[in-house]
Amino acid sequence: TAGRGKEFIFMDCPDSGHDLDVFVHKAVIDPGSVEVGDTLAFTLHFTPDGKPQAAAPVWRLCGWLGEGEKIVFGEYVGTIEKLTAAGAGEVDCREATAKFGRRPTIYSTLMQSKGLDVGDVVAFDVRTGSKGHLQVAAPFWRRCPSDQGAHLAYPQAAPSLGKGKVYIGAVKSVDPAKGYGFIDGPAAGFKQDVFVLHSVADPSSLAPGQVVGFQVKFDEKDRPQAAAPLWRMAGWLKEGLELQFGKYTGEIARLGSVGMGFVSSDAIQRQFGRDVFIHSRIMENCELSLGDHVAFDVHVSGDGQPQLSAPCWVRVPASEVA
């Protein structure tokens, strides 16, 4: 179900392995941007009570499948940067340009029929046209907008790690074989996508759409790069709350009975004189393990015990070899 003015939509998704329809809040996708019957691609997660939800970004299929053709997600992700004189869309995609030596384009007829414009983000495969031009193959995927009034903005959080600001953004693409990935730059406040090298975060530990926290440095051409460490969000944000990076950092140093955990943090020890308690439900929902390094906020129980609040942030391991 979908429609303008709604707060959410539901998707029928047999591949989820769940009997329930997949819930999508308007903070993830603007319900007015899709119609009943549209084919969508998304990352799935589950609420603490086991209900399936779609995580941002959500992608809408553009074009038609041939008879017997299977639906697959695009190998490349890029942004329509400009229009040619003939009305075709030129796509900025570092991976495709590096591989083929030129930028792919989208036919003007597809641009018009699918309502595409400069700034739209697409996931796609490529083909070579009869004249040797690199073209976006149909069908492809267009990233769906969220409802801006409900968007979980990715703000610059207060400095928590060293002296730099911690930015929050979403992973745009990863290439484990080549040892790098990209974070969606415009959504995080940058003109270009943010480059993530394997020595900062192992690409095999990341996935498109994953929300991450990171600091930034710039290369000799003033292009943004993520600086180590990089953190992935773990858990779910309650509706109406603004996503923020954790104020404290520490390591899950020990486990208690019935699945609970405890974080060792120098800052918490100075403030409260004890370790941070993690409820077993949060350990499970955030998929936390002994030895994980986490960034987090706390709430305090009635007896003065600091407790880890969800969502938290887990440090992504680096990889020495690409």
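What you see is a predicted model, and the numbers here were worked out from it, not measured in a lab.

### Some details on the nonpolar core
Grouped together as the largest cluster of nonpolar side chains are 16 residues, with contacts concentrated most on Val263, Ile278, Leu288, Val294, Phe296 and Leu308. When contributions to this core are tallied by element, the ones reaching two or more residues are β18 (248-255), β20 (276-278), α5 (280-285), β21 (293-300) and β22 (306-316). In terms of residues, this core owes the most to one element, β22, which gives 3 residues. For Val294, the contacting residues outside a window of four places in its chain are Trp231, Tyr248, Thr249, Gly250, Ile252, Val263, Leu288, Leu308, Trp313 and Val314. Val196, Ala201, Ala226 and Leu230 belong to the second-largest nonpolar core, a separate cluster that totals 15 residues.

### Regarding the environment of Asp125
Note on placement: Asp125 falls in the loop between β8 (121-124) and β9 (126-128). What makes Asp125 partly exposed here is its relative accessible area of 29%. With 53 residues separating them along the chain, Asp125 and Val72 place their C-alpha atoms 9.5 Å apart. Once residues lying within four places of it in the same chain are set aside, the contact partners of Asp125 are Val72, Phe73, Gly74, Glu75, Gln135, Val136 and Ala137. One polar contact links the side chain of Asp125 to the main-chain amide nitrogen of Glu75, over a distance of 3.0 Å.

### A short note on the confidence of the model for the protein chain
Taken as a whole, the protein chain shows an average pLDDT of 84; of its residues, 87% reach a score of 70 or greater. This stretch, residues 1-5, has a pLDDT under 50; its non-local contacts, to residues over four places away or in other chains, come to 13 contacts. A low-confidence stretch, residues 148-160 (pLDDT under 50), is modelled with 32 contacts involving residues beyond four sequence positions or located in other chains.

### Thoughts on the packing of aromatic side chains
Under the definition given, this model contains 15 aromatic pairs. Ring centres of Tyr167 and Phe190 lie 4.9 Å apart, and the angle between their planes is 55 degrees; on these two criteria the pair is classed as tilted. On the criterion of sequence distance, the pair formed by Tyr167 in strand β13 (residues 164-175) and Phe190 in the loop between α3 (185-188) and β15 (194-197) is long-range, its members being 23 residues apart. Phe190 sits in the buried class, given a relative accessible area of 11%. When the centroid spacing of 5.6 Å and the interplanar angle of 40 degrees are considered together, the rings of Tyr180 and Phe195 count as tilted. Taken together, the positions of Tyr180 in strand β14 (residues 180-183) and Phe195 in strand β15 put the pair 15 residues apart, joining distant regions of the chain. Arg254 extends its terminal NZ or CZ atom over the ring of Phe262, reaching a point 4.0 Å from the ring centre.

Conventions used here
- Residues numbered from 1 in each chain as written.
- Predicted model: local features only at pLDDT ≥ 70, side-chain atom pairs only at ≥ 80, totals over all residues.
- Heavy atoms only, no water.
- Core = buried A, V, L, I, M, F, W, Y, C linked by side-chain atoms within 4.5 Å.
- Buried < 20%, exposed > 50% of the residue type's maximum accessible area, 1.4 Å probe, protein only.
- Helix = DSSP H or I, 4+ residues; strand = E, 2+ residues; numbered from the N terminus.
- Contact = heavy atoms within 4.5 Å.
- Polar contact = N/O pair within 3.5 Å; in protein donor to acceptor, adjacent residues only side chain to side chain.
- pLDDT = per-residue confidence, 0-100.
- Phe/Tyr/Trp six-rings, centres within 6.5 Å; stacked < 30°, edge-to-face > 60°.
- Lys NZ or Arg CZ within 6 Å of the ring centre and 35° of its normal.

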